[in-house]
Amino acid sequence: MKTVCTRAFLIGFAALSMLRAQSPISGKFYEYYLVASTQSGQFSALGAPSMNDYGLLAFMGQTSIGQTIWTGDGNTHALVDINPGSGNPGVVTFGPQMQINTNNTVITRDEISGTSSNIRIWNANATDSYTYLARAGTGQQFNGTFPAPSINKSGASVFAVITRSGQTELVEQATAK
């Protein structure tokens, strides 16, 4: 019995050390999906993407109608232009960063040439559905807005502005209670 236990132990020990010595099995660890490309001709430029917890992306896509916000994942969610009404070549431009949260709300900074720079939230589940959080320019509440606003899963957002007195402020827009 002692010999059987010793042999079983040695075989088990040898198998364990062999498992540790093996290199990883090559194969498919990740899946990659092409979401958008300038090569296909649909887009002439793409902005930096943002991804929510469900894998839905939001990004600026420039097409023949101008810069607009697109969502999709290259797999189960087809590409959708969520604000085609804002397309106006050279007139409406989006900042270098936007963010999408788990409720499919996109926050971004945009500029309307000669009019204003804006921080807006967009409903990615609808078309051309937005709310201004801040506007800057002649006759607006602020002198300037900064790129890279942020929004959390509850819908609270934060962004930076230049006030009418020239001060830089971080503004948090809390969700309704």
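Reading guide: rules and limits
- Residues numbered from 1 in each chain as written.
- Predicted model: local features only at pLDDT ≥ 70, side-chain atom pairs only at ≥ 80, totals over all residues.
- Heavy atoms only, no water.
- Pairing = 2+ DSSP bridges.
- Helix = DSSP H or I, 4+ residues; strand = E, 2+ residues; numbered from the N terminus.
- Axes fitted to C-alpha atoms, helices over the stretch in contact; angles between N-to-C directions.
- pLDDT = per-residue confidence, 0-100.
- Contact = heavy atoms within 4.5 Å.
- Core = buried A, V, L, I, M, F, W, Y, C linked by side-chain atoms within 4.5 Å.
- Buried < 20%, exposed > 50% of the residue type's maximum accessible area, 1.4 Å probe, protein only.
- Salt bridge = Lys/Arg side-chain N within 4 Å of Asp/Glu carboxyl O.
- Patch = residues over 30% accessible without salt bridge, like charges linked within 9 Å, V, L, I, M, F, W, Y side chains within 5 Å.
- Areas by Shrake-Rupley, 256 points an atom, 1.4 Å probe, with all protein chains shown as cover.
- Polar contact = N/O pair within 3.5 Å; in protein donor to acceptor, adjacent residues only side chain to side chain.
- Phe/Tyr/Trp six-rings, centres within 6.5 Å; stacked < 30°, edge-to-face > 60°.

### Quick notes on the sheet that holds strand E9 (residues 130-136)
Link 1 in the chain: With antiparallel pairing, the four strands of this open sheet are ordered in space as E6-E7-E8-E9. Looking at the sheet topology across the chains shown, the edges are occupied by strand E6 (92-100) and E9. When the angles between neighbouring strand axes are averaged without regard to direction, this sheet yields 20°.

### A short note on the confidence of the model for the protein chain
Link 1 in the chain: Mean pLDDT for the protein chain: 86, with 82% of residues reaching 70 or above.
Link 2 in the chain: Note on residues 8-25: pLDDT under 50 across the span, and zero contacts to partners over four residues away in sequence or across chains.

### A word on the nonpolar core
Link 1 in the chain: If you look at the biggest cluster of nonpolar residues, it comprises 13 residues, and the most contacted ones within it are Ile 69, Ile 82, Phe 94, Met 98, Ile 100 and Val 106.
Link 2 in the chain: Ranked by residues supplied to this core, first place goes to E6 with four residues.
Link 3 in the chain: Not counting the four nearest positions on each side in its chain, Ile 100 is found in contact with Ser 50, Met 51, Asn 52, Leu 56, Ala 58, Thr 71, Thr 105, Val 106 and Ala 124.
Link 4 in the chain: Counting ten residues, the second largest nonpolar core, distinct from the first, contains Ile 107, Ile 121, Ala 134 and Val 161.

### Focus on the pattern of salt bridges
Link 1 in the chain: Enumeration over the complete set of coordinates arrives at two salt bridges.
Link 2 in the chain: Here Arg 109 makes a salt bridge to Glu 111, at a shortest N to O gap of 3.0 Å.
Link 3 in the chain: The buried category is assigned to Arg 109, whose relative accessible area is 12%.
Link 4 in the chain: Across the salt bridge formed by Arg 120 and Asp 110, the nearest N and O atoms sit 2.8 Å from each other.

### Some details on a nonpolar patch on the surface
Link 1 in the chain: Where nonpolar side chains cluster on the molecular surface, the patch consists of Phe 29, Tyr 30 and Tyr 32 and spans about 500 Å² of accessible area.
Link 2 in the chain: Relative to the helices and strands, Tyr 30 is located in the loop between helix H1 (2-21) and strand E1 (45-46).

### Regarding the side chain of Arg 120
Link 1 in the chain: Examined against the element boundaries, Arg 120 turns out to sit in strand E8 (residues 116-123).
Link 2 in the chain: On the basis of relative accessible area, Arg 120 is assigned to the buried category, the value being 3%.
Link 3 in the chain: A polar atom in the side chain of Arg 120 sits 2.8 Å from the side chain of Asp 110.

### Re the pairing of strand E4 (residues 66-72)
Link 1 in the chain: With seven of its seven residues buried, E4 lies for the most part within the structure.
Link 2 in the chain: As paired elements, strand E3 (residues 57-63) and E4 share seven bridges and run antiparallel to each other. Across the sheet, the residue bridging to Leu 57 is Gly 72, located in E4.
Link 3 in the chain: Count of turn residues in the E3/E4 antiparallel hairpin: two residues.

### Quick look at the packing of aromatic side chains
Link 1 in the chain: Within the structure shown, the criterion is met by four aromatic pairs.
Link 2 in the chain: Consider the rings of Phe 43 and Phe 59, whose centres lie 6.0 Å apart with planes at 70°: the pair is edge-to-face. Separated by 16 residues along the polypeptide, Phe 43 in the loop between H1 and E1 and Phe 59 in strand E3 bring together distant segments of the chain.
Link 3 in the chain: Its relative accessible area of 3% is what places Phe 43 among the buried residues.
Link 4 in the chain: Pairing Phe 43 with Trp 70 gives two aromatic rings, centres 5.0 Å apart and planes at 80°, and the pair type is edge-to-face. Here the residue Phe 43 occupies a position in the loop between H1 and E1, and Trp 70 occupies one in strand E4, the gap between them amounting to 27 residues.

### Re the environment of Gln 99
Link 1 in the chain: Tracing the chain through its elements places Gln 99 in strand E6.
Link 2 in the chain: Exposure remark for Gln 99: the relative accessible area of 22% places this residue in the partly exposed category.
Link 3 in the chain: Remark: the alpha-carbon pair of Gln 99 and Ala 48, spanning 51 residues in sequence, is separated by 9.6 Å.
Link 4 in the chain: A polar side-chain atom of Gln 99 sits 2.8 Å from a polar atom in the side chain of Ser 150.
Link 5 in the chain: Only 3.0 Å separates the side chain of Gln 99 from the backbone nitrogen of Ile 151, close enough to count as a polar contact.

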